[in-house]
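# Commentary on secondary and tertiary structure
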Amino acid sequence: MLLTGIFSVISYFKSSIRTDPLYAPDIALFNKVVGMEGVWVFKSQFFILPIIVGLIFILSFFLIPNGRVFPIKWLKKLILSVVSASLLICYSVGFVVNDSLLIKMGIDYNFYTIFESYKQNGFIFSFINNMKFLNMPKPENYSEDKISEIVSKLKNSEIKNQKTIKPNIIYVMCEAFYDFTKYPELGINGDPFPNFHKLQKEGISGQMNVSVFGGGTADTEFEVMTGLSKDFLPAGTVAYMQYCNKKRDGIVSLCDSLGYYNVAIHPYDKTYWQRDRIYKLWGFDKFITESDLINPKRAGKYISDDEIYKSLINEFENKGDKPLMSYIITMENHYPFFPGEDTSTRIFKATGNVPEASKNYIERYLVGASHDDKLLGDLVTYFKNISEPTIIIFY
């Protein structure tokens, strides 16, 4: 009951921030959550203090042997624990993860609508049921021969005799980037993204829909680099943490086969989302992280994105004869956006009829986002002045 209470509280806070509850795979990711600076849920004394006091009070019933409060002998406690665990296992295996029985009872549990299932069936049932998705079931009629058959059809449809050009390819996954100017009711005084808007008209652009909200950068990263959709993975799982245990075809392997120099740049902890292991597995030649930067410039809590572009230019100018493929993940404008910070640097204001708290967050966000727009313009200008063809994908 104690663990259930703790998990239920965590699930409540997670739902309030990211609109999805606590899943079984989240337990393995807990260190990633508390490792991110400034995550308010785990730093809010207002919420945490009552919880700690309550837990200490509950534990006191069990930790005082032969006490007056709750005089249960240790042997009885052990027997009670074993019986409780046995009942939980029977409940889990015999009922909660038994799909045929759930169907007969008319209980709906679908990981495509898992949030609704949590609300309808409760935390304990839904959390335990979610555990069966920790291992991905093999799709019907799936086999290597079937995949080879599909691939052979694609190869036969390839266009022949085209001139081979190997442009430099630069992916920029700009942390939390969103164009707030799409909402005139916010009343933003000016254009925070002039370079972005200019490139929208000059190049190929569109609306990108991602599968995550309020976190889970690695999932978008996985989809972009592999071409696979997270929609086919169980809810609550993170591909990098559960399913990336071998070399996988994608943009890195393709560029590697074409003789590219592959570099990833992310000015944060290299072990976050296991990027150091996965990038090496996938074939990146180099992964530049915060530990590789000497006395880097900082912007608030994180390393400034200026350092990323400096590293990129340095890698380009020293790559030799190979074309460059670089995957960049910015960090400067990462959540949280503390509204009380950097008030003196706020060039853009939200003057519309929106709540004051929302204005503060938007204005604080625009400090970093507009800086990233400037860096995007500088990057494009740099590569326009070189002779090598270059493709920049910014999102």
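Residues numbered from 1 in each chain as written. Predicted model: local features only at pLDDT ≥ 70, side-chain atom pairs only at ≥ 80, totals over all residues. Heavy atoms only, no water.

### Points about the overall build of the chain
Of regular secondary structure, the chain possesses 15 helices and seven strands. For the chain, restricting intrachain contacts to residue pairs at least 6 apart in sequence, the fraction spanning at least 24 positions comes to 67%. For the chain, the accessible surface area stands at approximately 23300 Å², while carbon and sulfur atoms represent 60% of it. (Helix = DSSP H or I, 4+ residues; strand = E, 2+ residues; numbered from the N terminus. Contact = heavy atoms within 4.5 Å. Areas by Shrake-Rupley, 256 points an atom, 1.4 Å probe, with all protein chains shown as cover.)

### Notes on the environment of Arg275
Within the secondary structure, Arg275 sits in helix H13 (residues 275–282). The class for Arg275 is buried, based on a relative accessible area of 2%. In this structure, the C-alpha to C-alpha distance between Arg275 and Phe287, residues twelve residues apart in sequence, is 8.9 Å. (Buried < 20%, exposed > 50% of the residue type's maximum accessible area, 1.4 Å probe, protein only.)

### So, the confidence of the model for the chain
Averaged over all residues, the pLDDT of the chain equals 78, while 62% of them reach at least 70. Note that pLDDT drops below 50 for residues 37–52; the model gives that stretch 21 contacts with residues more than four away or on any other chain. (pLDDT = per-residue confidence, 0-100.)

### Re the environment of Gly320
Examined against the element boundaries, Gly320 turns out to sit in the loop between helix H14 (306–317) and strand S6 (324–329). The exposed category is assigned to Gly320, whose relative accessible area is 53%. Along the primary structure Gly320 and Tyr261 are separated by 59 residues, whereas in three dimensions their C-alpha atoms are 9.0 Å apart.

### Some remarks on helix H15 (residues 356–384)
The terminal C-alpha atoms of H15, which comprises 29 residues, lie 42 Å apart, in line with the 42 Å expected from a rise of 1.5 Å per residue. The largest bend along H15 reaches roughly 30 degrees and is located at Leu366. (Expected span 1.5 Å × (residues − 1). Bend = angle between axes of the 7 residues up to and from the residue.)

### What to know about the side chain of Asp372
With respect to the secondary-structure elements, Asp372 resides in helix H15. Buried charge without a partner: Asp372 forms no salt bridge, and the closest opposite charge is Arg364, 9.6 Å away. With residues near it in sequence (within four places) discarded, Asp372 still touches Cys174, Asp305, Thr330 and Asn333. (Lys, Arg positive; Asp, Glu negative; His and termini not counted. Salt bridge = Lys/Arg side-chain N within 4 Å of Asp/Glu carboxyl O.)

### Comments concerning the pairing of strand S2 (residues 261–265)
Buried residues dominate S2, accounting for five of its five residues. Residues Tyr261, Val263 and Ile265 of S2 are buried on one face, and the alternating residues Asn262 and Ala264, pointing to the opposite face, are buried as well. Across five bridges, the pairing between S2 and S6 is parallel. Across the sheet, Asn262 pairs through a bridge with Met325, a residue of S6. Following the chain from S2 across H13 to the adjacent parallel strand S3 (residues 286–288), one finds a crossover that is right-handed. (Pairing = 2+ DSSP bridges. Right-handed = clockwise from strand over helix to strand, strands pointing away.)

### Focus: the packing of aromatic side chains
In total, this model carries 17 aromatic pairs according to the counting rule given. Centre to centre, the rings of Tyr279 and Phe284 are 4.9 Å apart; their planes meet at 50 degrees, and the pair counts as tilted. Taking the relative accessible area as the measure of exposure, Tyr279 reaches 1% and is therefore buried. (Phe/Tyr/Trp six-rings, centres within 6.5 Å; stacked < 30°, edge-to-face > 60°.)

### Side note on the pattern of salt bridges
Under the definition given, this model contains ten salt bridges. Measuring nitrogen to oxygen at the nearest pair gives 3.4 Å for the salt bridge that ties Lys297 to Asp306. Judged by its relative accessible area of 19%, Asp306 is buried. When salt bridges that share partners are traced, they join Lys198, Glu202 and Lys384 into one network.

### Some details on the sheet that holds strand S7 (residues 390–394)
Taking strand neighbours across the sheet as the criterion, the five strands line up as S3-S2-S6-S1-S7 in an open arrangement whose pairing is parallel. Here the strands that pair on one side only, and so sit at the sheet edges, are S3 and S7. This sheet shows a mean twist of 10 degrees between the axes of neighbouring strands, independent of strand direction. Along the sheet, H14 contacts strand S1 (168–173), S2, S3 and S6; its crossing angle with S6, the most-contacted strand, is approximately 170 degrees. (Axes fitted to C-alpha atoms, helices over the stretch in contact; angles between N-to-C directions.)

### What about the packing of helix H9 (residues 194–202) against H15?
The relative placement of two packed helices comes down to the angle between their axes together with the axis-to-axis distance. Running from N to C, H9 and H15 cross one another at 50 degrees; their axes reach a closest spacing of 7 Å. Taken together, the axis directions place H9 and H15 in an arrangement best described as oblique. Across the interface between the two elements, Pro194, Asn195, Phe196, Lys198, Leu199 and Glu202 from H9 touch Asp373, Lys374, Leu376, Gly377, Val380 and Lys384 from H15. Classifying every residue of the contact of H9 with H15 gives five nonpolar, two polar and five charged. (Parallel < 35°, antiparallel > 145°, perpendicular 65-115°, else oblique. Nonpolar A, V, L, I, M, F, W, Y, C, P; charged D, E, K, R; others polar.)

### Some points on the side chain of Asn168
Mapping Asn168 onto the fold places it in strand S1. Owing to a relative accessible area of 1%, Asn168 belongs among the buried residues under this scheme. Separated by 3.0 Å, the side chains of Asn168 and Glu388 make a polar contact. At a separation of 3.3 Å, a polar atom in the side chain of Asn168 contacts the side chain of Thr390. In contact with Asn168, not counting residues within four places along its chain, are Phe316, Lys319, Pro323, Leu324, Glu388, Pro389, Thr390 and Ile391. (Polar contact = N/O pair within 3.5 Å; in protein donor to acceptor, adjacent residues only side chain to side chain.)

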